[in-house]
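Residue-level listing of the chains:
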Amino acid sequence: MTSHEEWMRAALREADLAAEAGDVPVGAIVVSAEGHEIARGRNRREVDQDPTAHAEVVALRNAALATGHWRLEGSTVYVTLEPCPMCAGALINARVGHVVYGAADPKAGALQSLYNLGNDLRLNHRFDSTPGVLDAECVDRLRAFFAKLRAAGEK
(Lines give C-alpha, C1' and ligand atoms only; values in the text may rest on other atoms or scores of the structure.)
Protein backbone atom coordinates (compact mmCIF):
# COMPACT_ATOMS: atom_id res chain seq x y z
CA MET A 1 0.00 0.00 0.00
CA THR A 2 1.31 3.45 -0.91
CA SER A 3 1.15 6.26 1.64
CA HIS A 4 -0.27 9.75 1.26
CA GLU A 5 3.30 11.06 1.18
CA GLU A 6 4.31 8.76 -1.67
CA TRP A 7 1.30 9.77 -3.77
CA MET A 8 1.96 13.43 -2.99
CA ARG A 9 5.55 13.01 -4.17
CA ALA A 10 4.14 11.73 -7.47
CA ALA A 11 1.92 14.81 -7.65
CA LEU A 12 4.97 16.98 -6.94
CA ARG A 13 6.72 15.41 -9.94
CA GLU A 14 3.75 16.51 -12.05
CA ALA A 15 4.03 19.99 -10.51
CA ASP A 16 7.71 20.11 -11.53
CA LEU A 17 6.73 19.25 -15.12
CA ALA A 18 4.17 22.05 -15.09
CA ALA A 19 6.82 24.54 -13.94
CA GLU A 20 9.23 23.36 -16.64
CA ALA A 21 6.53 24.16 -19.20
CA GLY A 22 5.97 27.63 -17.71
CA ASP A 23 2.81 26.81 -15.76
CA VAL A 24 2.21 27.28 -12.04
CA PRO A 25 3.62 24.14 -10.39
CA VAL A 26 0.53 22.21 -9.37
CA GLY A 27 0.19 18.48 -9.95
CA ALA A 28 -2.54 15.92 -9.29
CA ILE A 29 -2.89 12.13 -9.18
CA VAL A 30 -6.16 10.15 -9.20
CA VAL A 31 -5.96 6.85 -7.32
CA SER A 32 -8.65 4.16 -7.42
CA ALA A 33 -10.43 2.83 -4.36
CA GLU A 34 -8.17 -0.23 -4.71
CA GLY A 35 -5.06 1.95 -4.45
CA HIS A 36 -3.97 1.96 -8.11
CA GLU A 37 -3.07 5.05 -10.07
CA ILE A 38 -5.75 5.89 -12.62
CA ALA A 39 -4.45 9.16 -14.07
CA ARG A 40 -2.23 12.20 -13.63
CA GLY A 41 -2.57 15.85 -14.42
CA ARG A 42 -0.71 19.11 -14.06
CA ASN A 43 -1.49 22.73 -14.67
CA ARG A 44 -1.67 23.37 -18.42
CA ARG A 45 -3.27 26.82 -18.54
CA GLU A 46 -0.29 28.45 -20.24
CA VAL A 47 0.51 25.49 -22.47
CA ASP A 48 -3.08 25.03 -23.68
CA GLN A 49 -4.22 28.64 -23.25
CA ASP A 50 -7.16 27.18 -21.35
CA PRO A 51 -8.35 28.81 -18.12
CA THR A 52 -9.92 25.52 -17.00
CA ALA A 53 -6.73 23.46 -17.42
CA HIS A 54 -5.99 23.22 -13.69
CA ALA A 55 -4.16 20.09 -12.54
CA GLU A 56 -7.24 18.59 -10.88
CA VAL A 57 -9.46 19.09 -13.95
CA VAL A 58 -6.80 17.65 -16.26
CA ALA A 59 -6.36 14.63 -13.96
CA LEU A 60 -10.14 14.07 -13.70
CA ARG A 61 -10.52 14.25 -17.48
CA ASN A 62 -7.69 11.74 -17.91
CA ALA A 63 -9.19 9.46 -15.25
CA ALA A 64 -12.62 9.54 -16.90
CA LEU A 65 -11.03 8.60 -20.22
CA ALA A 66 -9.00 5.82 -18.59
CA THR A 67 -11.98 4.30 -16.77
CA GLY A 68 -14.57 4.98 -19.45
CA HIS A 69 -16.81 6.77 -16.97
CA TRP A 70 -17.12 10.22 -15.43
CA ARG A 71 -18.05 8.83 -12.02
CA LEU A 72 -14.87 8.24 -10.05
CA GLU A 73 -16.57 7.00 -6.90
CA GLY A 74 -14.24 5.84 -4.17
CA SER A 75 -11.20 7.43 -5.76
CA THR A 76 -8.71 9.66 -3.97
CA VAL A 77 -7.25 12.72 -5.63
CA TYR A 78 -3.84 13.94 -4.50
CA VAL A 79 -3.09 17.55 -5.39
CA THR A 80 -0.23 19.80 -4.37
CA LEU A 81 -2.39 22.90 -3.80
CA GLU A 82 -5.81 23.19 -2.14
CA PRO A 83 -8.42 23.12 -4.93
CA CYS A 84 -10.10 26.34 -6.04
CA PRO A 85 -13.92 26.59 -6.31
CA MET A 86 -13.89 25.42 -9.95
CA CYS A 87 -11.80 22.36 -9.13
CA ALA A 88 -13.77 21.58 -5.98
CA GLY A 89 -16.90 21.63 -8.14
CA ALA A 90 -15.29 19.25 -10.61
CA LEU A 91 -14.27 16.93 -7.76
CA ILE A 92 -17.85 16.95 -6.48
CA ASN A 93 -19.24 16.28 -9.95
CA ALA A 94 -16.79 13.40 -10.45
CA ARG A 95 -18.02 11.87 -7.15
CA VAL A 96 -14.51 11.39 -5.75
CA GLY A 97 -14.31 9.91 -2.28
CA HIS A 98 -11.35 11.76 -0.81
CA VAL A 99 -9.00 14.64 -1.61
CA VAL A 100 -5.52 14.92 -0.14
CA TYR A 101 -3.73 18.22 -0.70
CA GLY A 102 -0.44 19.79 0.22
CA ALA A 103 -0.41 23.56 0.45
CA ALA A 104 -3.39 25.54 1.69
CA ASP A 105 -4.54 28.35 -0.62
CA PRO A 106 -5.60 31.37 1.43
CA LYS A 107 -6.64 33.27 -1.72
CA ALA A 108 -8.73 30.63 -3.49
CA GLY A 109 -8.90 27.47 -1.37
CA ALA A 110 -12.32 25.86 -1.55
CA LEU A 111 -11.89 22.87 0.79
CA GLN A 112 -10.88 24.65 3.97
CA SER A 113 -9.24 28.07 3.55
CA LEU A 114 -12.15 30.10 2.12
CA TYR A 115 -14.90 27.54 1.58
CA ASN A 116 -15.68 23.97 2.54
CA LEU A 117 -17.33 22.80 -0.68
CA GLY A 118 -16.33 19.17 -0.20
CA ASN A 119 -18.60 18.97 2.85
CA ASP A 120 -21.36 21.41 1.94
CA LEU A 121 -24.64 19.70 2.86
CA ARG A 122 -26.48 21.72 0.22
CA LEU A 123 -24.63 19.90 -2.57
CA ASN A 124 -25.44 16.48 -3.99
CA HIS A 125 -22.11 14.85 -3.11
CA ARG A 126 -19.57 15.23 -0.35
CA PHE A 127 -16.03 13.97 0.19
CA ASP A 128 -13.46 13.97 2.96
CA SER A 129 -10.23 15.88 2.65
CA THR A 130 -6.81 15.65 4.26
CA PRO A 131 -4.82 18.91 4.23
CA GLY A 132 -1.13 19.62 4.66
CA VAL A 133 0.52 16.48 3.26
CA LEU A 134 4.10 17.50 2.36
CA ASP A 135 2.97 21.07 2.81
CA ALA A 136 6.47 22.57 2.98
CA GLU A 137 7.58 20.90 -0.25
CA CYS A 138 4.44 22.05 -2.04
CA VAL A 139 4.79 25.63 -0.77
CA ASP A 140 8.49 25.71 -1.69
CA ARG A 141 7.68 24.84 -5.31
CA LEU A 142 5.15 27.65 -5.55
CA ARG A 143 7.38 30.24 -3.85
CA ALA A 144 10.36 29.40 -6.05
CA PHE A 145 8.24 29.59 -9.21
CA PHE A 146 6.79 33.00 -8.38
CA ALA A 147 10.14 34.34 -7.14
CA LYS A 148 11.64 33.41 -10.49
CA LEU A 149 8.83 35.20 -12.33
CA ARG A 150 9.23 38.33 -10.20
CA ALA A 151 13.02 38.30 -10.73
CA ALA A 152 12.40 38.20 -14.48
CA GLY A 153 9.97 41.12 -14.20
CA GLU A 154 6.89 39.02 -14.87
CA LYS A 155 3.72 38.70 -12.80
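Above this text you will find the structure in question.
For the structure given in this document, a descriptive report is provided here. (Residues numbered from 1 in each chain as written. Predicted model: local features only at pLDDT ≥ 70, side-chain atom pairs only at ≥ 80, totals over all residues. Heavy atoms only, no water.)

Time to look at the packing of aromatic side chains. Here the structure, examined in full by the defined rule, presents 2 aromatic pairs. An angle of 85 degrees between the planes, with centres 5.2 Å apart, marks the rings of Phe 145 and Phe 146 as edge-to-face. (Phe/Tyr/Trp six-rings, centres within 6.5 Å; stacked < 30°, edge-to-face > 60°.)

A few words on the nonpolar core. Core analysis: the largest hydrophobic core is formed by 39 residues, its most contacted members being Met 8, Leu 60, Val 96 and Val 99. Listed by contribution, the elements that provide at least two residues to this core are helix 1 (4–20), strand 1 (27–31), helix 3 (55–67), strand 3 (76–81), helix 4 (85–93), strand 4 (98–103) and helix 5 (135–151). Element by element, the count of residues in this core is highest for helix 1, at 5 residues. If near-sequence neighbours (up to four positions away) are discounted, Met 8 is found in contact with Tyr 78, Val 79, Thr 80, Val 100, Tyr 101, Gly 102, Val 133, Leu 134 and Cys 138. (Core = buried A, V, L, I, M, F, W, Y, C linked by side-chain atoms within 4.5 Å. Buried < 20%, exposed > 50% of the residue type's maximum accessible area, 1.4 Å probe, protein only. Helix = DSSP H or I, 4+ residues; strand = E, 2+ residues; numbered from the N terminus. Contact = heavy atoms within 4.5 Å.)

Right, let's talk about the pairing of strand 1 for a bit. The element strand 1 is extensively covered by neighbouring structure, given that 5 of its 5 residues are classed as buried. Side chains Gly 27, Ile 29 and Val 31 project from strand 1 onto one buried face, and the interleaved Ala 28 and Val 30 project onto a second face that is buried too. Pairing of strand 1 with strand 2 (residues 37–42) involves 5 bridges; the strand directions are antiparallel. Counted as the bridge partner of Val 30 is Ala 39 from strand 2. Remark: 5 residues form the turn of the hairpin made by strand 1 and strand 2, two consecutive strands paired antiparallel; Gly 35 in that turn has positive phi of roughly 90 degrees. Sheet topology places strand 1 next to strand 3; 4 bridges connect them, and they run antiparallel. Residue pairing in the sheet places Ala 28 in a bridge with Val 79 of strand 3. (Pairing = 2+ DSSP bridges.)

Note: most residues except glycine have negative phi, and most peptide bonds are trans. A positive phi angle is found at Gln 49, which is not glycine, with a value near 50 degrees. When you line up the elements, Gln 49 lands in the loop between helix 2 (45–48) and helix 3. Backbone geometry places Leu 134, a non-glycine residue, at a positive phi of 55 degrees. Within the fold, Leu 134 resides in the loop between strand 5 (128–130) and helix 5.

Looking now at the state of the cysteines. Going through the model one piece at a time under the given rule, you end up with 0 disulfides. Left unpaired, Cys 84 is separated from the closest cysteine sulfur, that of Cys 87, by 3.7 Å. Residue Cys 84 is classed as buried on the basis of its relative accessible area of 13%. (Disulfide = S-S within 2.5 Å.)

To continue, consider the packing of helix 3 against helix 4. Between helix 3 and helix 4, the shortest axis-to-axis distance is 9 Å and the interhelical angle comes to 25 degrees. One element, helix 3, and the other, helix 4, form an angle in the roughly parallel class. As helix 3 runs across helix 4, the sense of the crossing is left-handed. Residues Glu 56, Val 57 and Leu 60 of helix 3 pack against Met 86, Cys 87, Ala 90 and Leu 91 of helix 4. Here the residues of the contact of helix 3 with helix 4 sort into 6 nonpolar, no polar and 1 charged. (Axes fitted to C-alpha atoms, helices over the stretch in contact; angles between N-to-C directions. Parallel < 35°, antiparallel > 145°, perpendicular 65-115°, else oblique. Left-handed = near helix turned anticlockwise from the far one by under 90°. Nonpolar A, V, L, I, M, F, W, Y, C, P; charged D, E, K, R; others polar.)

The end-to-end C-alpha separation of helix 1 is 24 Å, in line with the 24 Å expected for 17 residues at 1.5 Å each. Within the sequence span of helix 1, burial applies to Trp 7, Met 8, Ala 10, Ala 11, Leu 12, Glu 14, Ala 15 and Ala 18. The inward-facing, buried residues of helix 1 abut strand 1, strand 2, strand 3, strand 4 and helix 5. Phi for Gly 22, located one or two positions after helix 1, is positive at around 90 degrees. (Expected span 1.5 Å × (residues − 1).)

This part takes up the sheet that holds strand 5. Two strands in a sheet stick together by hydrogen bonds in their backbones, pointing the same way (parallel) or opposite ways (antiparallel). Read across the sheet, 5 strands follow the order 2-1-3-4-5 without closing on themselves; strand pairing throughout is mixed. If you trace the sheet from one side to the other, it starts and ends with strand 2 and strand 5, each paired once. The average angle at which neighbouring strand axes cross in this sheet is 15 degrees, direction not considered. Bridge count between strand 3 and strand 4: 5 bridges; the pairing is parallel. Its bridge partner lying in strand 4, Val 77 is registered against Val 99.

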